[in-house]
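Chain and residue survey
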Amino acid sequence: MLPRDLRAEQFVGYPPQARKLVLAHLDALQQLPLSFLPSLLREVIDYDFKFPAERNAIDRELANLSSLSPAQSGDWFQAFSQFSLSSALEHFDWVNQPAQFVEQLSAYLWTTHQLDGFRKAALVYGDRLHSVVPPDAIPVRRLGIAVIGQGVTAYDTPLFRNLRPHGAYFARVKPDDGLELLLNAVAARAKAHPVAYGHWYIDGGQQADHSPSLTCVSYQALQPTRVALLKKIQNEIQRPGMGPEELRTYLARLVPSDLEMDAAADPVLNRFQIKLLTEGSGTQIFSTTFAQWAAREAHRRAQPLTVLVRFAPRQRQKPMNELLSTSQGNAELDLTGSLMDADMGAYYNWLNQQRLPGAEQSGFLVWFEGHSQALVVGPSIPRGTESTTAADLSELLALAAA
């Protein structure tokens, strides 16, 4: 089947809002080439479980497609129309399984030496879409906070080396009640600028008391889900013929009910957490990886105004079979290694923040938990500088937001 053959009844399996959206733009979808449309449907089919920023992006993209005349549509998608596809791809159920189609399409393009051309066409399309559908203005400067080194009593190696060229290092920070102060500051931002999924608290361990106005994801709270997932992974890898690609496809099809997640909980956040554990490498077993990946995905998908990430100690490296085991007991923690992971994770968090609209005005703070070291990046902060003046975290937050 080709896109021109699409009919409304073929989308009966889509969730309600996704189906409504497709039917409103069906005429435009029928004009798209098969090499492009399933990639768009892969996003649309999960519309009901996406964050507002993602829904807005899909709405605006579809509105733009519907506004194009046939001649304009042909111009926009001429490059995509040039790719040759196999009969197997044309007969694949790409309407109901767009993600699986995209996987097979990528493999086919690679084997037929068309992948580089496809990537170029995709980049050109993305740039063109961005030029005609610019991002919305944000109500307040973005603020990122990373708290690293939980449980480490002493560490002599210089921290924040990747971030120091971009901000100011503070060596005499008052650490008293630091985490509580930061959480209260994030809660105050959420109250002043109430945006759905706009203010996040991500914890790599046990979450601290926090305002319900924050979207919270924590490694410890997901322990039952992680255990259930690891059991499924162990069962699957023992099956004959199960390889990495087959396992990935299996994991991609899991939904919250498969892992006995609370059906009454936020369905959007439930789906987000499932994807954290099924798409992230190591998020199921390493708390630092979980925290860093959760922050990355929150930035990419929700485009929040505020993100506070607290890294916690992870277990020591072990053979993979032991790491995947669900009966490890009390895992031995690697405090120093976790601090090193978190230090790099904080830098990645800042990089992810820089990819969002308004990055040039955003602020970022990283603090060595319980200690006197911190670093601030912001539009008014002189780069590559150091300060030995005593300061508390509220003062540093003010600098980051200035």
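This write-up is about the structure you can find in this document. Because the structure is predicted, anything quoted here is derived from the model rather than measured.

**A look at the packing of helix α10 (residues 178–192) against helix α17 (residues 393–401)**
Following both chains from N to C, one finds α10 and α17 inclined at 40°, their axes separated by 10 Å at the closest point. For the pair α10 and α17, the crossing hand works out as right-handed. Along the contact surface, α10 presents Gly 178, Leu 181, Leu 182 and Ala 185, while α17 presents Leu 393, Ser 394 and Leu 397. Among the residues making up the contact of α10 with α17, the classes are represented as five nonpolar, two polar and no charged.

**Thoughts on the environment of Val 133**
Take Val 133: it is sitting in the loop between α9 (115–132) and β1 (143–148). Here the alpha-carbon distance between Val 133 and Glu 61, two residues 72 residues apart in the chain, equals 7.6 Å. Among all residues touching Val 133, those that are not within four sequence positions of it are Arg 60 and Asn 64.

**Structural notes on the side chain of Thr 278**
The topology assignment puts Thr 278 in helix α13 (residues 267–279). Relative accessible area serves as the criterion here: at 13%, Thr 278 is assigned to the buried category.

**Regarding the pattern of salt bridges**
Tallying each qualifying case throughout the model produces 17 salt bridges. When the shortest N-O distance is used, the salt bridge between Glu 103 and Arg 248 registers 3.7 Å. You can see Glu 103 sitting in helix α8 (residues 98–111) and its partner Arg 248 sitting in helix α12 (residues 244–252), a full 145 residues away along the chain.

**Comments concerning helix α16 (residues 335–354)**
Under the 1.5 Å per step criterion, the end-to-end length of α16 is 29 Å for 20 residues, consistent within 8% with the ideal 28 Å. Where α16 begins, one side-chain oxygen reaches toward the backbone nitrogen of Gly 337, 2.9 Å away; that side chain belongs to Asp 334.

**Some details on the packing of aromatic side chains**
In the structure shown here, the tally under the stated rule is 20 aromatic pairs. Ring centres 6.1 Å apart and planes at 45° place the aromatic pair Phe 77 and Phe 80 in the tilted group. With respect to class, Phe 77 is no different from Phe 80; both count as buried. Here the aromatic cluster, defined as three or more aromatic residues joined through ring pairs, consists of Phe 36, Trp 76, Phe 77, Phe 80, Phe 83, Phe 118 and Tyr 125. Seen from the ring of Tyr 47, Arg 55 lies directly overhead, with NZ or CZ sitting 5.3 Å from the centre. In this arrangement the basic side chain of Arg 226 is found over the ring face of Tyr 219, its NZ or CZ atom lying 3.6 Å from the centre.

**Structural notes on the nonpolar core**
Membership of the largest hydrophobic core comes to 50 residues, with the highest contact counts inside it found for Trp 200 and Val 366. When residues no more than four places from it in sequence are discounted, the contact partners of Val 366 are Ala 146, Ile 148, Phe 160, Leu 163, Ala 346, Gln 373, Ala 374 and Leu 375. Judged by nonpolar contacts, the second largest core, of 40 residues, contains Leu 21, Val 22, Leu 65 and Leu 109.

**Re the sheet that holds β1**
Spatial ordering of the open sheet is given by β5-β4-β6-β1-β9-β10-β2-β11, a layout of eight strands whose pairing is mixed. In this open sheet, the two edge strands, each paired with only one partner strand, are β5 (215–218) and β11 (385–387). The sheet shows a mean angle of 15° between the axes of neighbouring strands, taken without regard to direction. With three bridges connecting them, strand β2 (residues 168–170) and strand β10 (residues 374–377) associate as antiparallel partners.

About the cut-offs
Residues numbered from 1 in each chain as written. Predicted model: local features only at pLDDT ≥ 70, side-chain atom pairs only at ≥ 80, totals over all residues. Heavy atoms only, no water. Axes fitted to C-alpha atoms, helices over the stretch in contact; angles between N-to-C directions. Helix = DSSP H or I, 4+ residues; strand = E, 2+ residues; numbered from the N terminus. Left-handed = near helix turned anticlockwise from the far one by under 90°. Contact = heavy atoms within 4.5 Å. Nonpolar A, V, L, I, M, F, W, Y, C, P; charged D, E, K, R; others polar. Buried < 20%, exposed > 50% of the residue type's maximum accessible area, 1.4 Å probe, protein only. Salt bridge = Lys/Arg side-chain N within 4 Å of Asp/Glu carboxyl O. Expected span 1.5 Å × (residues − 1). Polar contact = N/O pair within 3.5 Å; in protein donor to acceptor, adjacent residues only side chain to side chain. Phe/Tyr/Trp six-rings, centres within 6.5 Å; stacked < 30°, edge-to-face > 60°. Lys NZ or Arg CZ within 6 Å of the ring centre and 35° of its normal. Core = buried A, V, L, I, M, F, W, Y, C linked by side-chain atoms within 4.5 Å. Pairing = 2+ DSSP bridges.

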